[in-house]
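Coordinate analysis (summary)
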Amino acid sequence: MASAERRNHATLYLWLVLLLSLIVPRNTASAQAVNETDWKTLLRIRNDLNFTNPGRSPKAYWKSGRNCEELFGVICDDLGYVVALTLYGVNGSLPNAIGELPSLAFLSAGNNVTSVPSTLSLLSATLTSLYLSNNQISGTFPRGITSLTALQQLNIAQNRLTGSIPVGISRLSCLTFLRMDGNRLEGPIPSQISTMAALSYLSLRNNQLSGSIPASISRVQALQLIDLRNNSLTGSIPSEIGSLSKLIWLYLSNNKVSGSLPSTMGKLTRLRYCFADSNSLTGSIPGAVSSLISLSYLSASGNQLSGSLPAGITALSKLGFLQLDHNALSGSLPEKMTSLNNMVYLHAMGNLHTV
């Protein structure tokens, strides 16, 4: 029961401690000491780590005793258990001993981390936030991470990961935030992503992903952002995407997506940003686009879209950026197109239309 309470209140502790450190004078006489077992683990972590600048690292700072407030990068709960650990300037592998901090809820490490220990899986009941972006982690996706079933935020962007996205990532059903962009991942987006019901932020851009966008993504009803730019995705945009009623950001640029823009996209009434440029889209722009009442940015340049612009597009009062150049559009621009109050950028050159 005690460990469950520590897990449930971990995030509150992190932000509360940061806030109090700004407004409350420190009283080192009554400061919380690190739990003895956790302290021994911290010392092992310190001794096993390499840093790019040892003089500004735990090797230099974790020498003044067990006072939590004086331990650089460490936050404890009111029982002295370590709930947050920040390790910057790490050079090499993260130590196995990190998995022995039984209440750890938040872990952030950089800038030259090369590998992640499998012992992270020991934190499956407590770790809710894992930030490992902008490192040198290579090889396939770390197996231990797919066991972290309490994880809510995972950022492993800008590394050197290769291979495919593991199907096992679907076990992270509590995830709300997932960034895996800027790696060398390849293969398809697992259809099992549909089980990640809490996911609201998904960024897989700048990889080498292939295959089609899984229709099952439509079951992740919490999604607000989908960023799949700069991959090698093929196939069509699934019509089921229209069921993502909370979607605000949709980025599909620089892929090989074909077929037409599905008319079901007209159901995305919260969509503000839609980028589908530099693909192989065909057909006409559906009249349903006039239902995208929140739309501010629309870019579909560099495709093979044809036909005329639907007249209803002039009803999009919030539209400020429209880029449709280098398609095969024909006909005239709708009369009121240039008089939209928020329109600041309209680019439709390289088509067959007339003004």
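The structure this text deals with has already been given above.
Summarised in this report is the structure supplied together with it. (Residues numbered from 1 in each chain as written. Predicted model: local features only at pLDDT ≥ 70, side-chain atom pairs only at ≥ 80, totals over all residues. Heavy atoms only, no water.)

Some points on the overall build of the chain
The test is simple: Secondary structure is summarised from DSSP: a helix means a run of H or I of at least four residues, a strand means a run of E of at least two, and numbering begins at the N terminus for each. Summary of the burial criterion: residues with accessible area below 20% of their type's maximum are buried, those above 50% are exposed, and those between are partly exposed, where the area comes from a 1.4 Å probe applied to protein chains only. Note on contacts: a residue pair qualifies if any of its non-hydrogen atoms lie within 4.5 Å across the two residues. Surface exposure here means Shrake-Rupley accessible area, sampled with a 1.4 Å probe, where a residue is shielded only by the protein chains that are shown.
Of regular secondary structure, the chain possesses four helices and 21 strands. In the chain, which comprises 355 residues, the share counted as buried stands at 49%. In the chain, once contacts between residues fewer than 6 apart in sequence are set aside, the share between residues at least 24 apart is 46%. With an accessible surface of roughly 15700 Å², the chain has 50% of that area assigned to carbon and sulfur atoms.

Focus: unusual backbone geometry
The peptide bond linking Gly-110 to Asn-111 adopts the cis configuration, its omega dihedral lying at 15°. Positive phi values are uncommon outside glycine, yet Asn-206 reaches one of about 55°. Mapped onto the elements of the fold, Asn-206 is located in the loop between strand S10 (201-203) and strand S11 (208-209). A relative accessible area of 31% places Asn-206 in the partly exposed class. The backbone of His-326 shows a phi angle near 55°, a positive value even though the residue is not glycine. Within the element layout of this structure, His-326 appears in the loop between strand S19 (321-323) and strand S20 (328-329). Taking relative accessible area as the criterion, His-326 reaches 52% and is therefore assigned exposed.

Describing the side chain of Asn-183
Applied cut-off: Under the rule applied, a polar contact is a pair of N or O atoms within 3.5 Å (in protein, one hydrogen donor and one hydrogen acceptor; residues adjacent in sequence only if both atoms are side-chain atoms).
Positionally, Asn-183 belongs in the loop between strand S8 (177-179) and strand S9 (186-187). Side-chain polar atoms of Asn-183 contact the backbone nitrogen of Asn-159, separated by 3.2 Å. From its side chain, Asn-183 meets the backbone oxygen of Met-180 in a polar contact 3.0 Å long. Excluding residues that lie within four positions of it along the chain, Asn-183 makes contacts with Ile-156, Ala-157, Gln-158, Asn-159, Arg-160, Leu-161, Asn-206 and Asn-207.

What to know about the pattern of salt bridges
Rules: The term salt bridge refers to a side-chain nitrogen of Lys or Arg lying within 4 Å of a carboxyl oxygen of Asp or Glu.
On inspection of all chains with the given rule, the structure shows six salt bridges. A salt bridge links Glu-36 to Lys-40; the nearest nitrogen and oxygen atoms lie 3.8 Å apart. With a gap of four residues between them, Glu-36 and Lys-40 both fall in helix H3 (residues 36-48), about one helical turn apart. Salt-bridge contacts for Arg-205 lead to Asp-181; the nearest nitrogen and oxygen are separated by 3.9 Å. In this pair, Arg-205 is assigned in the loop between S10 and S11 and Asp-181 in the loop between S8 and S9, connecting sequence segments 24 residues apart. For Asp-181, a relative accessible area of 0% puts it in the buried group. Among the ionic contacts, a cluster of salt bridges with common partners joins Arg-179, Asp-181, Arg-205, Asp-227 and Arg-229.

Some thoughts on the sheet that holds strand S18 (residues 304-307)
The cut-off we apply is this: Any two strands are treated as partners once DSSP identifies two or more bridges connecting them.
One open sheet holds the four strands; their spatial order is S14-S16-S18-S20, and the pairing between them is parallel. If you trace the sheet from one side to the other, it starts and ends with strand S14 (258-259) and S20, each paired once. In this sheet, strand S16 (residues 280-283) lies alongside S14 in parallel orientation, the contact comprising two bridges. Residue Gly-259 lies in a different strand from S16, and its bridge partner there is Leu-281.

Considering the side chain of Ser-294
Of note, Ser-294 is situated in the loop between S16 and strand S17 (297-299). For Ser-294, a relative accessible area of 15% gives the class buried. One polar contact links the side chain of Ser-294 to the main-chain carbonyl oxygen of Thr-269, over a distance of 2.7 Å. Those residues in contact with Ser-294 that sit more than four places away from it in its chain are Thr-269, Arg-270, Leu-271, Arg-272 and Lys-318.

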